[in-house]
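Now for the letters of each chain:
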Amino acid sequence: MARGWRTLAVLAAAGAVMVVGAGAQAADPPLWIQHVQNYDGGISNGVRERLDAASVVSSGLTAPATAGLNNVQMNADCNPPLPQNETSVAYKPSNPLVAVAAANDFCGDGDWIGNTSDGGRTWATTFKDPKTSISTRCFGGDPTIVYSVRDRAFYLGTLCFFGDGSSEVQVWKSTNDGATWTDSFKASLVITNRASDRWDQTVFYDKELLAVDNNAASAHYGRLYITYIKFHLTPPNGRSDFCPVQAAFTDRIPTNNPAKATWTNVAVVPDAPFADKGPSANQWALPVVDTAGNLDVGYALEDCNTAIDRGFFFTKSTDGGNTFSSPVQIDKPGQFADNPNPKDKLNPKKFRAPISPSLAFNAVTGSLEFVYQNNVDRQTSGADISFQQSRDGGTTWSDAKTISTAGGAAAPNDQFFPWIAVDEAGNLHAIWFDNRNDPNNRLIETFQAFSSDDGATWRSWDISSVPWNPDDGFFNCGCFIGDYNAIAASTQVVYPVWTDGRNSPGRPLGETDIFTNVEIGGIH
């Protein structure tokens, strides 16, 4: 599928952007752009790289032969092929052969969406760009997918932001298994920084994730939840002085006009002005709904202006997302260390590789399952994937356990971008990127892991048919391959979904695609 590409680099030219918020000169770029330009962390990399994408010329696309695995490129592409990255995937519980996946798309302004009805053997592509609530242009990003059993619908959450200072979180709906979606001009608006007749550039919303209550006996059956991070930005250079976790919920998104949905917004973590480090400096808010209908949220304490992570916390709502419990720390003293690089780079690789935590709920055992990148043993085994678990609803957590192993010990080199899922039988499934097979710690393969005993023991294996070089994965710089991967799992089919640069022609036309390994029949 060919698609015209609209140049994104216009945002980098400060003089081309109009500022509408108070406290800045009219010719200055919006505060979110100044934050990205002046501070190493805080606002996520997917937003950052919209500024760095450059215009390119045409290129070809080739597909390698697979050997022993069934790796499938999920996305169609534009001409020239440009990057897709940062994945989300969900399946239809009544027919797990039906699934929808999504990713950031640099062919246009928005998101790539793929849908399958044959367990991932083939995928149809939709390229979809968002529009703001006043029908102007915006960039999309950080797509997140869930399936609502009550509504018989897939929902997709996306950011909507642009160089005029606009920042919104929106949700689209599909009632035909991902074939078509909400008109972008009728998106369900979760939150906006639109105030009166202008964009309030002192607020930027980032990193949204969806969850849905699919428990028929729950008092809030069908309720749709979304978490996000609220960055408060200050003149004159976009510094963020607090960035807490927020949540919102709705009980109904009308199919004909989702814009009519009403959302209730709640501060999961309260504002703390002048505190860019500490309890109100957050990122990676991870929502899941347990079988009691509680909304469980894990998140990182991450400085608002650097990529330094200081720990993981958990909170929950037992009243449908209206109020939240006092936070509990997940990681234990001496068992977690962040990458010391303030830009999250795992040398010698050029791209940023954040801790990328993931949270899942096991409906069979009642356990909460949590994975993340851990650098506590970096000098001996590089970045590893750690697993922790709570068997009492998040009140206490197990010791950290390394699950990225080789021969019983932590695998060499770096492992990063983990994600975890639980199938309906209670089996745990995880995915991550892995450098263990490259002595130079650069070439990437995708590993998958499985536990049939609720995380007590794990086995893992390589699901990539070929490795790829991330230096060739993003235009001319190789500096971005997304921040995370995804996996969805049932006993009938598993969907590991990841960013992959095997088809990249290399610089200056570097690109990545979205891949899966076809795993019909599940993992046993």
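The preceding data block contains the structure.
The rules we used
Residues numbered from 1 in each chain as written. Predicted model: local features only at pLDDT ≥ 70, side-chain atom pairs only at ≥ 80, totals over all residues. Heavy atoms only, no water. Core = buried A, V, L, I, M, F, W, Y, C linked by side-chain atoms within 4.5 Å. Buried < 20%, exposed > 50% of the residue type's maximum accessible area, 1.4 Å probe, protein only. Helix = DSSP H or I, 4+ residues; strand = E, 2+ residues; numbered from the N terminus. Pairing = 2+ DSSP bridges. Contact = heavy atoms within 4.5 Å. Disulfide = S-S within 2.5 Å. Polar contact = N/O pair within 3.5 Å; in protein donor to acceptor, adjacent residues only side chain to side chain.

1. Side note on the nonpolar core
Turning to step 1, where the next piece is worked out: With 53 residues, the main nonpolar core has W32, V171, V190, L224 and W263 as its most contacted residues.
Turning to step 2, where the next piece is worked out: For this core, the element with the most residues is strand 13 (residues 224–234), which contributes seven residues.

2. Let's talk about the sheet that holds strand 18 (residues 295–302)
Turning to step 1, where the next piece is worked out: The strand order across the open sheet built from four strands is 17-18-19-20, with neighbouring strands paired in antiparallel fashion. At either end of the open sheet lies a strand with only one pairing partner, and these are strand 17 (282–289) and strand 20 (328–329).
Turning to step 2, where the next piece is worked out: As paired strands, strand 19 (residues 309–317) and strand 20 are joined by two bridges and run antiparallel to one another. Note that in strand 20 the partner of F313 across the bridge is Q329.

3. As for the pairing of strand 7 (residues 153–161)
The two faces of a sheet get side chains in turn, since along a regular strand they alternate between them.
Turning to step 1, where the next piece is worked out: Most of strand 7 is tucked away: nine of the nine residues are buried.
Turning to step 2, where the next piece is worked out: Here strand 7 shows a buried face lined by A153, Y155, G157, L159 and F161 and a second buried face lined by F154, L156, T158 and C160.
Turning to step 3, where the next piece is worked out: Here strand 6 (residues 139–148) runs beside strand 7; their pairing, made up of eight bridges, is antiparallel. When the sheet's bridge partners are listed, V146 is paired in strand 7 with Y155.
Turning to step 4, where the next piece is worked out: The turn joining strand 6 and strand 7, which pair antiparallel and follow one another in sequence, is formed by four residues; a positive phi near 50° is taken by R152.

4. A look at the environment of R223
Turning to step 1, where the next piece is worked out: Following the sequence through the fold, R223 ends up in the loop between strand 12 (203–212) and strand 13.
Turning to step 2, where the next piece is worked out: Look at R223 and you get buried, because its relative accessible area is 8%.
Turning to step 3, where the next piece is worked out: C-alpha of R223 to C-alpha of I253: the two residues are 30 residues apart in sequence and 9.9 Å apart in space.
Turning to step 4, where the next piece is worked out: Excluding residues within four positions of it along the chain, R223 makes contact with A211, V212, D213, F249, T250, D251, D319, G320 and N322.

5. Concerning the pairing of strand 21 (residues 358–361)
Turning to step 1, where the next piece is worked out: Because side chains alternate across strand 21, one face comprises the buried residues S358 and A360, and the other comprises L359 and F361, equally buried.
Turning to step 2, where the next piece is worked out: By the bridge criterion, four bridges tie strand 21 to strand 22 (residues 368–374) in an arrangement that is antiparallel. In the sheet register, S358 faces strand 22, and the bridge partner there is V371.
Turning to step 3, where the next piece is worked out: Linking two consecutive strands that pair antiparallel, namely strand 21 and strand 22, is a turn of six residues; a positive phi of about 80° is found at G366 within it.

6. Regarding the state of the cysteines
Turning to step 1, where the next piece is worked out: Going through the model one piece at a time under the given rule, you end up with four disulfides.
Turning to step 2, where the next piece is worked out: Across the disulfide, C78 is cross-linked to C107 (sulfur-sulfur distance 2.0 Å). Negative torsions about the S-S bond denote left-handed disulfides, and the value of about -70° found for C78 with C107 makes this one left-handed. Placement of C78 in the loop between strand 1 (71–73) and strand 2 (84–92) and of C107 in the loop between strand 3 (95–105) and strand 4 (111–116) is noted, with a sequence separation of 29 residues between them. An identical accessibility class is assigned to C78 and C107; each is buried.
Turning to step 3, where the next piece is worked out: Each sulfur in the disulfide pair C138 and C160 lies 2.0 Å from the other. Its S-S torsion of approximately -110° makes the covalent link between C138 and C160 left-handed. In this pair, C138 sits in the loop between strand 5 (124–128) and strand 6 while C160 sits in strand 7, placing the two residues 22 residues apart along the sequence. Assigned by exposure class, C138 and C160 land together as buried.
Turning to step 4, where the next piece is worked out: Look at the protein and number its bonded cysteines as they come in the sequence; the links are 1-2, 3-4, 5-6, 7-8.

7. Some words on the side chain of S404
Turning to step 1, where the next piece is worked out: Summarising the element assignment, S404 is placed in the loop between strand 24 (401–402) and strand 25 (405–406).
Turning to step 2, where the next piece is worked out: A distance of 2.9 Å separates a polar side-chain atom of S404 from the backbone nitrogen of I385.
Turning to step 3, where the next piece is worked out: Beyond its immediate chain neighbours, meaning those up to four positions away, S404 contacts D384, I385, A409, A410, A411, Q415, W432 and R436.

These values are about where atoms sit, not about what they do.
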